Amino acid sequence: MNEVLWAASRATALSSIVLLTVTFVLGMLTSARTAGTTGGRVVSTALHRTLALLMVAFIAVHVITAIAETYVDIGWISALVPFTSAYQTVWIGLGTLALDLVLALIITSLLRHRLPTRLWRGIHWASYALWPIAVVHGLTSVTVDKTLTYGLIAACAVAAAAALVVRLVRTPADTGRRRLGSVHTWRIER
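Because the structure is a prediction, the values reported are computed rather than measured.

Draft legend 1. The arrangement of the packing of aromatic side chains in detail. Under the criterion given, the structure shown has three aromatic pairs. Ring plane angle 75° and centroid distance 5.6 Å describe the contact between F24 and Y128, whose orientation is recorded as edge-to-face. One end of the pair, F24, is in helix α1 (residues 2-31); the other, Y128, is in helix α6 (residues 127-141), and 104 residues separate them in sequence. Judged by its relative accessible area of 11%, F24 falls in the buried class.

Spelled out as structure tokens, the structure:
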């Protein structure tokens, strides 16, 4: 049974990094308004949210199977409190930090309509830190199939870097007006 848990933990880890990358890329492209039409943006946003939920499911299975398998000792506290694991403290701690950032993004996204836009957006910017933290966790925690893992992460890095360049280069024409509108709306609401 332990081998099944170990394999499930590794498989869901790889699936999680791919889903995180696709979600990250879609988020950047959506915020850069590359979809063109309103309908395209709606589809892109819906796909972003759906893949993010799927990613969360894979991360949950990854964490649960990593804790449940007995080859290494990673406790429940170590899954929630960064840098408390006796096994690979720093690298497991980065995974925990990534999980905590995912949880913060989920909670604030669920409460998005009750939060000021600036607060939600500021917390959502944490996803720019989430991706590299998760990648470093993956690169440093790999014990088998290193070629496959490194190749997969390299492909994810290329996709994320390309999307980041598009996001930085392409600023929507109405960005200033939208930001001013969100500040103005926040002041009215409060």
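Anyway, onward from the coordinates.
Draft legend 2. The packing of α1 against α6, seen in detail. Two elements in contact, α1 and α6, have axes separated by 11 Å at closest approach and are oriented at 155°. Between α1 and α6, the interaxial angle falls into the category roughly antiparallel. Like other packed secondary-structure pairs, α1 and α6 cross with a definite hand, here left-handed. Within the contact between the two elements, α1 uses I17, L20, T21, F24, M28 and S31 and α6 uses S127, Y128, L130, W131, A134 and V135. Broken down by class, the residue content of the contact of α1 with α6 amounts to nine nonpolar, three polar and no charged.

Draft legend 3. How the structure looks around the packing of α1 against helix α7 (residues 146-169). Axis separation between α1 and α7 bottoms out at 8 Å; the angle between their running directions is 10°. Classed by the angle they form, the pair α1 and α7 counts as roughly parallel. Residues L14, I17, V18, T21, F24, V25, M28, L29 and S31 of α1 form the contact with α7, whose own contacting residues are L148, T149, L152, C156, A159, A160, A163, L164, V166 and R167. The residue makeup of the contact of α1 with α7, split by class, is 15 nonpolar, three polar and one charged.

Conventions used here
- Residues numbered from 1 in each chain as written.
- Predicted model: local features only at pLDDT ≥ 70, side-chain atom pairs only at ≥ 80, totals over all residues.
- Heavy atoms only, no water.
- Phe/Tyr/Trp six-rings, centres within 6.5 Å; stacked < 30°, edge-to-face > 60°.
- Helix = DSSP H or I, 4+ residues; strand = E, 2+ residues; numbered from the N terminus.
- Buried < 20%, exposed > 50% of the residue type's maximum accessible area, 1.4 Å probe, protein only.
- Axes fitted to C-alpha atoms, helices over the stretch in contact; angles between N-to-C directions.
- Parallel < 35°, antiparallel > 145°, perpendicular 65-115°, else oblique.
- Left-handed = near helix turned anticlockwise from the far one by under 90°.
- Contact = heavy atoms within 4.5 Å.
- Nonpolar A, V, L, I, M, F, W, Y, C, P; charged D, E, K, R; others polar.

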